[in-house]
There are 2 protein chains.
Amino acid sequence: MAKKLVQDGSCPVATTISLLNSQWKILIMRELLLHPSERYSELQHSVAGISQKMLTQSLHEMTADGIVQRQVFPEVPPHVEYRLTELGQSMDPILKAMHNWGNQYLASHPEKRKTDKQPETDFAQKRP
Amino acid sequence: MAKKLVQDGSCPVATTISLLNSQWKILIMRELLLHPSERYSELQHSVAGISQKMLTQSLHEMTADGIVQRQVFPEVPPHVEYRLTELGQSMDPILKAMHNWGNQYLASHPEKRKTDKQPETDFAQKRP
DNA sequence: CCGCATCCTTTGCGATACTG
DNA sequence: CAGTATCGCAAAGGATGCGG
């Protein structure tokens, strides 16, 4: 379970933050919104820079919070997939808003971008 | 300036997170969206639980990032007001999305709420 | 393949005291 | 009023090694 905030639990914004309390969780969500189901090792590669410790920990908390659900395939070698629950998917608008803002920001602040005109994962337009 | 992420700078979501990288900044933004201009001491009281260190630090970074602007009134005793820049205000949709989601979540998970039927700051409906 | 346990360094952040 | 400076602990998080 995610750590509680100092803030009043009845503030909707604070409530949201308490579940999305790390950059990694947000990036994991973004990944799972783009690819509905991914296994552990896929996530570790697609969420660039994350350590197994943080990945494991984030997935645990998100699972406990009911945002992510874990599916184990009883095979050898082991196979585990993670996907967003309905609750997790309902956070889509938040990620969309972040994506849109970031895009606008990068467009008007080209110096902040590492490399120009990249293919880009085009999050917002996905899913018809 | 806010600390850079490990993540690729060309991802819009990661870019957004890099500017909103702490719960306090988000809560400060929420406050400044509700009250267009507030002074240091007002913020310290309205953002419940924040220490002066975190308030000062957050305001510094947000100012460096161009999200917040600082206005000094040359008076005695000193008087300083903070307000969102246009860039900061453009983050409104993100906060709105968080607010809406949090509201829905609290509605369907009453047990997460500290106390029921509070007056509530009614963020989303504000500003006609 | 999918983790968990441990160590160990780094960072976050509150508490406290002091200034223009 | 609106901060700055310093200390010190506690939490975050990377690295590494082991286990089902």
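Conventions adopted
Residues numbered from 1 in each chain as written. Chains lettered and ligands numbered in written order. Predicted model: local features only at pLDDT ≥ 70, side-chain atom pairs only at ≥ 80, totals over all residues. Heavy atoms only, no water. Helix = DSSP H or I, 4+ residues; strand = E, 2+ residues; numbered from the N terminus. Buried < 20%, exposed > 50% of the residue type's maximum accessible area, 1.4 Å probe, protein only. Contact = heavy atoms within 4.5 Å. Pairing = 2+ DSSP bridges. Expected span 1.5 Å × (residues − 1). Arc of directions from axis to C-beta. Near = heavy atom within 4 Å. Polar contact = N/O pair within 3.5 Å; in protein donor to acceptor, adjacent residues only side chain to side chain. Nonpolar A, V, L, I, M, F, W, Y, C, P; charged D, E, K, R; others polar. Axes fitted to C-alpha atoms, helices over the stretch in contact; angles between N-to-C directions. Parallel < 35°, antiparallel > 145°, perpendicular 65-115°, else oblique.

## Side note on the environment of V13 of chain A
- Inspection of the secondary structure puts V13 of chain A in helix α1 (residues 12-19).
- Looking at V13 of chain A, the relative accessible area reads 1%, which means it is buried.
- In this structure, V13 of chain A is in contact with I26, L27, R30, L95 and H99 of chain B, ignoring residues within four places of it in sequence.

## Focus on the pairing of strand β2 (residues 68-73) of chain B
All names here are of chain B.
- As judged from the six bridges shared by β2 and strand β3 (residues 79-84), these two strands associate in the antiparallel manner. Looking at β3, one finds that R70 is bridged to Y82.
- Following β2, the chain reverses through five residues before pairing antiparallel with β3.

## What about helix α4 (residues 52-64) of chain B?
Residue and element names in this part refer to chain B.
- Between the first and last C-alpha of α4 there are 18 Å, a value that for 13 residues agrees with the 18 Å anticipated at 1.5 Å per step.
- Here α4 has its buried residues at L55, S58, L59, E61 and M62. Taken end-on, α4 shows its buried residues confined to a sector of 165°, consistent with a single buried face. The exposed residues of α4 that point more than 90 degrees off its buried face are K53 and H60.
- Where α4 is buried, its residues touch α2 (23-34), α3 (40-46), β2 and β3.
- Positioned one or two residues after α4, G66 has a phi angle of 80°, which is positive.

## So, the protein's contact with DNA strand C
- In the neighbourhood of DNA strand C, 18 residues make up the surrounding shell, with T56 and R70 of chain A together with S51, Q52 and K53 of chain B lying closest.
- When the atoms of DNA strand C within 4 Å of the protein are grouped by moiety, sugar and phosphate amount to 61% of the total.
- Between DNA strand C and the protein, one listed contact pairs a base nitrogen with a side-chain N or O atom of Q52 of chain A at 3.4 Å.
- In this structure, P78 of chain A approaches DNA strand C through a main-chain N or O atom, which is 3.3 Å from a sugar or linking oxygen.
- For the surface near DNA strand C, the leading source of residues is helix α4 (residues 52-64) of chain A, giving four residues.
- Residues of the surface near DNA strand C, tallied by class, amount to seven nonpolar, six polar and five charged.

## Brief notes about the protein's contact with DNA strand D
- Near DNA strand D you find 19 residues, and of these Q52 and K53 of chain A together with S41, R70 and Y82 of chain B are the closest.
- Between P78 of chain B and DNA strand D, the recorded distance is 3.3 Å, taken from a backbone N or O atom to a sugar or linking oxygen.
- Take Y82 of chain B: an N or O atom from its side chain is 2.7 Å from a phosphate oxygen of DNA strand D.
- Elements supplying a minimum of two residues to the surface near DNA strand D: α4 of chain A together with α3, α4 and β3 of chain B.

## Topic: the sheet that holds strand β2 (residues 68-73) of chain A
Residue and element names in this part refer to chain A.
- An order of β1-β3-β2 is seen for the three strands of this open sheet, with the pairing classed as antiparallel. Looking at which strands have only one partner, the edges of the open sheet turn out to be β1 (37-39) and β2. The mean inter-strand angle of the sheet, taken between neighbouring strand axes irrespective of direction, is 30°.
- Pairing between β1 and strand β3 (residues 79-84): three bridges, direction antiparallel. Bridge pairing links S37 to R83 in β3.
- Lying over the sheet, helix α2 (residues 23-34) contacts β1, β2 and β3, oriented at roughly 95° with respect to β3.

## Points about the packing of α2 of chain A against helix α6 (residues 92-108) of chain A
All names here are of chain A.
- At a closest axis distance of 11 Å, the pairing of α2 and α6 adopts a crossing angle of 100°. The angle between α2 and α6 falls in the class roughly perpendicular. Across the interface between the two elements, I26, M29, R30 and L33 of α2 pack against D92, L95 and M98 of α6.
- Residue composition of the contact of α2 with α6, by class: five nonpolar, no polar and two charged.

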